[in-house]
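A structural walkthrough
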2 protein chains.
Amino acid sequence: MGLTKTEEFTAEQNAIASIAKAIGHPARVAILEYLISSKTCITGNIVDQLPLSQSTVSQHLKELKSVGLIKGSIEGTSVCYCINEEVWEKSSNRLNQLFNHFQIENNCC
Amino acid sequence: MGLTKTEEFTAEQNAIASIAKAIGHPARVAILEYLISSKTCITGNIVDQLPLSQSTVSQHLKELKSVGLIKGSIEGTSVCYCINEEVWEKSSNRLNQLFNHFQIENNCC
DNA sequence: TTTCTTTATCGTAATATTGCAATAAATAAA
DNA sequence: TTTATTTATTGCAATATTACGATAAAGAAA
C-alpha cells in the first residue's frame, strides 16, 4: 500500500488534490511567493532565498513544474522559472469552486 | 531525513502548506465535497460514499480535523462531522491571498 | 581546450503517507 | 446482561516524500 487509489475518484477531485498537494509544502509556498513578488526568476536566486540545498530546491521546482503551476525557460547556463498563468488561474478557480461551494446556512451541525 | 524543515519557514507559509496538504488527497477532497453538499454528516454515510475502508476513512477524517477544516460532534453511537466555518473561511482567504497576489503584468517570463 | 558556473539527476537514508484487517471502546437495542 | 452498531485505534506492509552530497550535463568564460 502507500498508494493512493486515484482511479476511484473523479478527474476533478484528483486535479484539485494534486494542485493542493503541490502547494502543500512550505518550501514550495515560499518558491511561489518569491516568483510572484520578484521580477527575476533565476533558479540560483531561488536557492539563495531558501534554507535548503540546491538539489532539494531543484526537486521542489520539478514538482511545481510537473503540476504546471510554474514553467521554466533556459537562459544560457541558468534557468528562469515563472508562474504559468493559465494553470495558475485554473487552479485558483478550482480551489475557489471548492471553497465557495460551502454555504453556512447548509452546514449540518 | 524525510522531515520537513518547518522552523525555517514563516508561520504563514507553514499554515498555507498544511491546509493545502490536507486537501491534497482525492479522498479528502471527496469528503469535503460530501460535507458541503449533503445535509447529513454521519461518518457511516461518508464511508459508504467512498471506495475506501472504514479505518482509512476514519484516518482521513482525523487529518481534516487536525488542521481544523472540519469538526465532529458525537451523536449517540455515531459522529457527525461538518465544515468548521471559521477555519474554512480563513483557509479560503489564505489561499486566495496567494493566488490573487500574482499579477500577469509582473510575471518575469 | 580547459575551467567555471549553473542546474538536473542519482544514490542513499530517514521519515511520512496510504491502506487494510483486526480489535478496542462506547453507546444503543434486545 | 448480552448483542449490535458505530467509530477510533493499533499493527503492519508498501509506497511516497524530504533532504543532502556527489556527480553529471551543458553552456560560458578564460
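Up top is the structure.
Let us now look at the pattern of salt bridges. All names here are of chain A. This model, assessed by the stated rule, comprises four salt bridges over all chains. The partner of arginine 28 in a salt bridge is glutamate 63, and the shortest N-O contact between them spans 3.3 Å. On the criterion of sequence distance, the pair formed by arginine 28 in helix H2 (residues 26-37) and glutamate 63 in helix H4 (residues 54-66) is long-range, its members being 35 residues apart. A relative accessible area of 7% places arginine 28 in the buried class. According to the relative accessible area criterion, glutamate 63 is partly exposed, its value standing at 34%.

All names here are of chain A. Spanning twelve residues, H2 covers 16 Å between terminal C-alpha atoms, matching the ideal 16 Å at 1.5 Å per step. The buried fraction of H2 amounts to ten of the twelve residues, a majority that puts the element mostly inside the structure. Along H2, the residues that are buried comprise Pro26, Ala27, Arg28, Val29, Ala30, Ile31, Leu32, Tyr34, Leu35 and Ile36.

Each partner contributes residues to the interface: chain A has 48 residues there, and chain B has 47 residues. At the boundary of chain A with chain B, total buried surface from both sides reaches about 4400 Å², with 71% on carbon and sulfur atoms. The interface formed by chain A and chain B holds zero salt bridges in total. At the boundary of chain A and chain B, one finds eleven residue pairs in polar contact (both at pLDDT 80 or more).

This part covers the side chain of asparagine 84 of chain B. Residues and elements named next belong to chain B. Checked against the element boundaries, asparagine 84 lands in the loop between strand E2 (78-83) and helix H5 (85-101). On the basis of relative accessibility, which here comes to 15%, the residue asparagine 84 falls in the buried class. For asparagine 84, the residues in contact, after removing those within four places along its chain, are Gly68, Leu69, Ile70 and Lys71.

The next thing to look at is the packing of aromatic side chains. What describes a pair of aromatic rings is the distance from one ring centre to the other and the angle between the planes of the rings. Per the stated rule, a full pass over the model turns up four aromatic pairs over all chains. When the ring of phenylalanine 102 of chain A is compared with that of tryptophan 88 of chain B, the centres are 5.8 Å apart and the planes differ by 65°; the resulting orientation is edge-to-face. With phenylalanine 102 of chain A in the segment after helix H5 (85-101) and tryptophan 88 of chain B in helix H5, this residue pair bridges two chains. Here phenylalanine 102 of chain A and tryptophan 88 of chain B have matching classes, each one buried.

Looking now at the relation of the copies chain A and chain B. Mapping chain A onto chain B calls for a rotation angle of 180° and an axial translation of 0.0 Å; the resulting RMSD is 0.0 Å. The symmetry that links the two subunits is that of a two-fold axis. The fraction of interface residues of chain A whose copies in chain B are also interface residues reaches 98%, indicating that both copies meet through the same surface.

So, how was this worked out
Each chain has its residues counted from 1, running along the sequence as written. Starting at A for chains and at 1 for ligands, labels are handed out in the order in which the entities are written. Only residues with pLDDT of at least 70 are given local features in this predicted model, and only at 80 or more are side-chain atom pairs given and counted; all residues enter the totals for whole chains, interfaces and linings. The basis for every side-chain value is the complete set of heavy atoms in the structure, and neither hydrogens nor water enter the calculation. Salt bridge, as used here, is a side-chain nitrogen of Lys or Arg placed within 4 Å of a carboxyl oxygen of Asp or Glu. By definition, any uninterrupted DSSP run of H or I lasting at least four residues is a helix, any uninterrupted run of E lasting at least two residues is a strand, and each is numbered from the N terminus. A simple rule labels every residue: compare its accessible area, found with a 1.4 Å probe on the protein chains alone, to the largest value its type can have, and call it buried under 20%, exposed over 50%, or partly exposed in between. Helices are assigned an expected span. That span is 1.5 Å times one less than the residue count. It only takes one pair of heavy atoms within 4.5 Å for two residues to be counted as in contact. A simple way to read buried area is as the amount of 1.4 Å-probe accessible surface that goes missing from two parts once joined, with both sides added. Identification of polar contacts relies on pairs of N or O atoms within 3.5 Å, with a donor-acceptor requirement for protein atoms, meaning one able to donate a hydrogen and the other able to accept it, and with residues adjacent in sequence counted only if both atoms are side-chain atoms. Note on aromatic pairs: the rings of Phe, Tyr and Trp (six-membered ring only in Trp) are paired at centre separations within 6.5 Å, and the planes decide the class, stacked below 30 degrees, edge-to-face beyond 60, tilted for the rest. Least-squares superposition aligns the copies on the C-alpha atoms of those residues with pLDDT at or above 70 in both.

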